Amino acid sequence: MEPAVKYRLIHQDKHSGARLGELITPHGTFPTPMFMPVGTQASVKTMAPEELDTMGATVILANTYHLWLRPGPELIEEAGGLHRFMNWQKGILTDSGGFQVFSLADTRHITEDGVTFKNHLNGAKMFLSPEKAIAIENALGPDIMMSLDECPPFFESYDYVKKSVARTSRWAERGLKAHKNPDWQALFGIVQGAGFRDLREQSAKDLVSMDFPGYSIGGLSVGESKEEMNHVLDFTTPLLPQDKPRYLMGVGSADALIDGALRGIDMFDCVLPTRIARNGTCMTSRGRLVIKNAKYAHDFGPLDPNCDCYACRNYSRAYIRHLIHVGEAFGIRLTTYHNLYFLLHLMQQVREAIANDDLLAFREDFFEAYGYNKAKAKNF
RNA sequence: GGAGGAGUAGCGAAGAGGCUAAACGCGGCGGACUGUAAAUCCGCUCCUUCGGGUUCAUAGGUUCGAAUCCUAUCUCCUCCA
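Residues numbered from 1 in each chain as written. Chains lettered and ligands numbered in written order. Predicted model: local features only at pLDDT ≥ 70, side-chain atom pairs only at ≥ 80, totals over all residues. Heavy atoms only, no water.

Colleague: Just give me the short version of the protein's contact with RNA strand B, but keep the residues and values in it.
Modeller: Around RNA strand B sit 42 residues in total, of which C151, M249, G250, V271 and R278 are the nearest. For RNA strand B, the fraction of atoms within 4 Å of the protein that belong to sugar or phosphate moieties is 47%. In this structure, a phosphate oxygen belonging to RNA strand B sits 3.1 Å away from a side-chain N or O atom of N63. Only β5 (59-63), α5 (98-103), β14 (267-270), α11 (272-278), β16 (287-290) and α13 (317-326) provide two or more residues apiece to the surface near RNA strand B. Considering each element in turn, the surface near RNA strand B owes the most residues, five residues, to α11. Of the residues assigned to the surface near RNA strand B, the class counts are 15 nonpolar, 17 polar and ten charged. (Near = heavy atom within 4 Å. Polar contact = N/O pair within 3.5 Å; in protein donor to acceptor, adjacent residues only side chain to side chain. Helix = DSSP H or I, 4+ residues; strand = E, 2+ residues; numbered from the N terminus. Nonpolar A, V, L, I, M, F, W, Y, C, P; charged D, E, K, R; others polar.)

Colleague: Please provide a residue-by-residue account of the sheet that holds β5, values included.
Modeller: Strand order in the open sheet made by the eight strands is β4-β14-β13-β12-β11-β10-β6-β5, with parallel pairing throughout. What marks the edges here is a single partner per strand, and that holds for β4 (34-37) and β5. Taken over all neighbouring pairs, the strand axes of this sheet differ in orientation by 25 degrees on average, direction set aside. Looking at chain direction, strand β11 (residues 186-191) and strand β12 (residues 215-217) are connected through three bridges and run parallel. (Pairing = 2+ DSSP bridges. Axes fitted to C-alpha atoms, helices over the stretch in contact; angles between N-to-C directions.)

Colleague: Hey, could you go over the packing of helix α10 (residues 254-262) against helix α15 (residues 359-370) for me, with residue numbers and the actual values?
Modeller: Closest axis-to-axis distance for the α10/α15 pair is 11 Å, and the angle between their directions is 170 degrees. Taken together, the axes of α10 and α15 are roughly antiparallel relative to one another. Together, A254, D255, I258, D259, A261 and L262 of α10 and L359, L360, F362, R363, F366, F367 and Y370 of α15 make up the contact between the two elements. Taken together, the residues that form the contact of α10 with α15 break down as ten nonpolar, no polar and three charged. (Parallel < 35°, antiparallel > 145°, perpendicular 65-115°, else oblique. Contact = heavy atoms within 4.5 Å.)

Colleague: Which residues make up the layout of surface pockets, and what values go with them?
Modeller: Taken as a whole, the largest pocket encloses approximately 1000 Å³ of empty space. Surrounding the largest pocket, 45 residues form its lining, F99, G250, C270, V271 and R275 being those nearest its centre. Going through the elements one at a time, β5, α2 (64-69), α5, α9 (226-236), β14 and α11 are the ones with two or more residues in the lining of the largest pocket. Here the element with the most residues in the lining of the largest pocket is α5; it accounts for five residues. Its residues assigned to classes, the lining of the largest pocket comprises 19 nonpolar, 18 polar and eight charged. (1 Å grid on protein atoms, 1.4 Å probe; cavity = no way out; pocket = protein on both sides within 12 Å on 5 of 7 lines; lining within 4 Å. Points joined across faces, edges and corners; volume = space filled by probe spheres on them.)

Colleague: Talk me through the UniProt feature "binding site: substrate" (unreviewed entry) in chain A; I want residue IDs and the actual numbers.
Modeller: Using the residue numbers shown here, the UniProt feature "binding site: substrate" (unreviewed entry) corresponds to D95, S96, G97, G98, F99, D149, Q192 and G219. Of the residues annotated just before, the largest pocket has D95, G98, F99, D149, Q192 and G219 among its lining. Relative to the helices and strands, D95 resides in strand β6 (residues 91-95). Excluding anything up to four places from it in sequence, D95 contacts A62, N63, T64, Q100, E137, M146 and M249. (UniProt positions renumbered as here; feature names shortened; annotations may be inferred.)

Colleague: Residue-level account of the packing of helix α6 (residues 130-140) against helix α7 (residues 158-178), with values.
Modeller: Remark: α6 packs on α7, axes separated minimally by 8 Å, with the N-to-C direction vectors making an angle of 40 degrees. In terms of orientation, α6 lies oblique with respect to α7. Like other packed secondary-structure pairs, α6 and α7 cross with a definite hand, here right-handed. Contacts between α6 and α7 pair P130, E131, I134 and N138 from the former with W171, R174, G175 and A178 from the latter. Looking at the contact of α6 with α7, its residues break down into four nonpolar, two polar and two charged. (Left-handed = near helix turned anticlockwise from the far one by under 90°.)

Colleague: Requested: an account of the sheet that holds strand β8 (residues 115-118), with residues and values cited.
Modeller: Across the sheet, which stays open at both edges, the three strands sit in the order β7-β8-β9 with antiparallel pairing between neighbours. Pairing within the sheet leaves two strands with one partner each, and these edge strands are β7 (108-110) and β9 (125-128). Looking at each pair of strands side by side, their axes are set apart by 15 degrees on average, direction ignored. In this structure, β8 lies alongside β9, joined through four bridges in antiparallel fashion. What sits directly across from K118, in β9, is K125.

Colleague: Outline the UniProt feature "active site" (unreviewed entry) in chain A, supporting the account with residue identities and numerical values.
Modeller: Following the UniProt record, one finds the feature "active site" (unreviewed entry) at D95 and D269. Taking the farthest pair of C-alpha atoms as the criterion, the annotated set spanning 175 residues converges on one region, since that pair is 10.4 Å apart. From this annotated list, the subset lining the largest pocket comprises D95 and D269. Assessed through its relative accessible area of 9%, D95 is described here as buried. Counting through the fold element by element, D269 comes out in strand β14. Judged by its relative accessible area of 7%, D269 falls in the buried class. If we skip the residues at most four places from it in the chain, D269 touches F35, M36, V38, L61, Y247, L248, M249, G250 and V251. (Buried < 20%, exposed > 50% of the residue type's maximum accessible area, 1.4 Å probe, protein only.)

Colleague: Just give me the short version of the pairing of β4, but keep the residues and values in it.
Modeller: Here β4 shows a buried face lined by M34 and M36 and a second buried face lined by F35 and P37. Judged from the four bridges that link them, β4 and β14 form a sheet pairing that is parallel. Residue pairing across strands places F35 opposite F268, the latter belonging to β14.

Below, the structure written as structure tokens:
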């Protein structure tokens with residue numbers, strides 16, 4: 001049987017591990033490396049699907065845990081699946097709730113069977129197992145589903161991470177077994193292992209032997225340095241099959257996207273652009289710009305002079321600062337649009353650079369302008 | 001004209017002799033944010049050469065000690081004429 005999602009390698013950068021490719025899904029074929037905006041509760045906060053499409057988004061995320069709580073998988077199934085429910089006709093990927101095992105750490109209990117949570121809405125006890133996660137994801141109907149994993153803290157002890165990785169592998173196998181729609185939904189496995197090379201190797205080996213249609217790398221960007229993260233990618237990515245997509249979970253700063261692509265990552269997702277947008281910070285070609293700062297009160301130029309997005313073409317820093325200042329929803333819609341466009345456009349530039357075997361040079365130029373080679377990003 | 005009430009930091013508002021440079025909220029300023037419990041959270045917000053210096057309408061007074069008690073003055077609000 002053909003997997004629901006396939007990867008086609010188009011070109012590999014001559015000077016790095018970067019790959020130009022295509023992710024072939026039931027809802028379209030999309031170029032990689034790609035950045036996927038996060039829409040936890042079946043909505044990329046403040047953005048209409050039409051806007052996401054216009055800015056160039058191809059795959060977006062939703063979250064199993066949150067949709068399980070509300071409105072419930074039955075309702076989404078009744079609506080005809082997530083695509084119809086939220087009116088998004090391109091790709092959808094659902095996270096398994098594995099990250100919530102990490103982020104709700106103080107109210108959960110992990111056993112071999114699964115995870116007992118106290119849900120964050122009313123404290124009710126809930127139980128999520130690999131099978132349960134798959135059942136929910138089967139009902140939600142995304143193109144790509146993630147298997148339930150445990151995302152241990154980066155600086156957790158070796159012994160703990162070793163046990164955790166082994167359990168995540170067993171959970172992956174159980175998920176694969178429970179999966180009812182492999183012909184139209186792809187289940188990805190998640191490589192864990194924190195910063196331990198042999199554990200990452202073991203994790204990758206376990207999962208590759210199960211032959212998933214795609215692999216993700218989890219447990220990064222959780223407090224470790226960029227050097228540590230890149231180091232883990234350096235030895236982990238080569239362990240994954242060339243003919244399958246590789247997805248680095250939860251990474252979304254511009255520099256990390258480039259550094260990830262350089263190491264052969266094809267997919268990224270992150271709440272960073274949308275979250276910081278709502279909190280008044282914009283990503284620009286010259287580093288982060290805190291638009292709510294007083295110094296932009298009289299600045300009638302665009303957020304980023306080098307950007308041609310809807311927000312930058314039509315609205316000034318002074319206006320956007322004003323909107324955010326007074327709490328108008330339109331303000332955070334503009335910053336959200338801009339930040340997502342910025343990363344989506346960045347990935348397009350990365351793809352072009354790979355096609356030209358030029359990603360290393362692109363990285364140099366980008367980092368120079370971004371201020372990443374300096375001690376601090378420079379604003380302008 | 002008579003009777004009550006009130007004046008506290010940019011604003012609102014606690015405080016009713018020492019633990020008060022003065023709670024709390026708003027506003028202002030700055031920071032954080034990476035598989036979203038986040039349009040959230042955290043700092044700072046009288047002056048300072050960081051030793052200290054000036055504050056609670058104003059001016060006196062009582063007290064070891066006053067935003068807090070007393071006296072006068074000014075301003076504002078309510079009710080009655």
